Amino acid sequence: MDRLLQLEVFSKTAELGSLSKAAEMLRMSNAAASRHLSALEERLAVRLIERNTRRQWLTEAGQELLQRCSTLLNELAEAEDAVSDRALSPKGMLRVTSSLSFAMIYLAPMLPAFRALYPDLSVQIISANRYLDFIEAGIDVAIRTREHEPDSNIVVRRIGQMHRVLAAAPSYLEKHGLPEHPADLARHNMLIYNLANDPYSLRLSKGSTTQTIRIAPTLDSNDGQIICGAARAGLGILIQPLYIVQSDIAAGRLVPVLRGWELPLLTMNIAYQNRVRLPAKIRVFSDFLVTYIREHSEPGIWIDAAK
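Analysis parameters
Residues numbered from 1 in each chain as written. Predicted model: local features only at pLDDT ≥ 70, side-chain atom pairs only at ≥ 80, totals over all residues. Heavy atoms only, no water. UniProt positions renumbered as here; feature names shortened; annotations may be inferred. Phe/Tyr/Trp six-rings, centres within 6.5 Å; stacked < 30°, edge-to-face > 60°. Helix = DSSP H or I, 4+ residues; strand = E, 2+ residues; numbered from the N terminus. Buried < 20%, exposed > 50% of the residue type's maximum accessible area, 1.4 Å probe, protein only. Domains from an automatic or database assignment. Contact = heavy atoms within 4.5 Å. Buried area = accessible area lost by both parts, 1.4 Å probe.

- Looking at an unreviewed UniProt entry, the protein chain carries the name LysR family transcriptional regulator, with the source organism given as Bradyrhizobium sacchari.
- Reading the Function (unreviewed entry) entry of the UniProt record for the protein chain gives the comment "NodD regulates the expression of the nodABCFE genes which encode other nodulation proteins. NodD is also a negative regulator of its own expression. Binds flavonoids as inducers."

## A word on the packing of aromatic side chains
Now for step 1: Across all of its chains, the model carries seven aromatic pairs by this definition.
Now for step 2: Judged by centre distance (6.0 Å) and plane angle (75 degrees), the ring pair of Phe 102 and Tyr 243 falls under edge-to-face. With Phe 102 in helix α5 (residues 100-117) and Tyr 243 in helix α9 (residues 242-250), this pair connects stretches of sequence that are 141 residues apart. Accessibility classification places Phe 102 together with Tyr 243 in one group, the buried group.
Now for step 3: Three or more aromatic residues joined by ring pairs make a cluster, and in this case those are Phe 102, Tyr 106, Tyr 243 and Trp 302.

## Observations concerning unusual backbone geometry
Now for step 1: Positive phi, normally seen in glycine, also occurs at Arg 27, with a value near 60 degrees.
Now for step 2: As for its placement among the helices and strands, Arg 27 is situated in the loop between α2 (19-25) and α3 (30-44).
Now for step 3: Even without glycine at this site, Ala 45 takes up a positive phi of about 55 degrees.
Now for step 4: The residue Ala 45 is located in the loop between α3 and β1 (49-51) in this model.
Now for step 5: The class of Ala 45 is exposed, set by a relative accessible area of 70%.

## Some remarks on the domain arrangement of the protein chain
Now for step 1: Partitioning the protein chain into structural domains gives domain 1 (3-83), domain 2 (92-160 + 267-299) and domain 3 (162-264).
Now for step 2: Taking only C-alpha atoms, the centre of domain 2 and the centre of domain 3 are 27 Å apart.
Now for step 3: Counting residues at the interface gives twelve residues for domain 2, matched by ten residues for domain 3.
Now for step 4: On the domain 2 side of the interface with domain 3, the three residues burying the most area are Ser 101, Ile 105 and Asn 129, jointly 50% of the side's total.

Right, here's the structure in full:
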């Protein structure tokens, strides 16, 4: 057990840049923290932290140990929390951000069942199509469509991949005709979600053939619901994730076009800050959301959805 405590003192000292701050966080005296750190260095027969009167820094051995023991301590803390969370009901406020479309189609409908399980947990949904800063916005969980986060302190849990489709209202197609080839889109009214990656370029594949075309917007917008509303009104052809337009397609309000051609898949993730102890409210929400999506989505919308 002393070995584990020694590693905790070392890890916190490296993280906080101060032995006294580490001692305070671990609720022990500076002298006790110093003894644990010295004992660790003596046991390993190597210097882990160099110090002078102005600063401290990790040695090469200290850097390697920090990388390895941080993983160990995180896994241990998560294992302890996984057990203790079963006996504790998550409480407080959970702040979630996602696009308006995702919030309307998945988050809002799932909340009654989620709250029935966790009545002491309140949820705040912040709909935003741009990526909010976790700390500045006070975000607990973000639903995002990028596979990798630029901040290494953000953990990404994959929900799955989904199809994107081109579709238009019957009234628009009756007036302008069906595009039969990707190049035909150049003469059509295109409704573009301008926060997509390279929104004015479309890469479509059919078997071994891939074509990339440039498109000009009749309408571009930073919100998928605006795009969908304009498409239903007959303005033009949209490009949207299938989950957003599935109900309109099923009801005949929109008709898929270029059915034989496929757009690149879109990846959806749950993101949250990396913490030694992941709060129970984040864990239960993430687990519930993944299960809800798997059980309440129409067949064909998601590919390799998380389990």
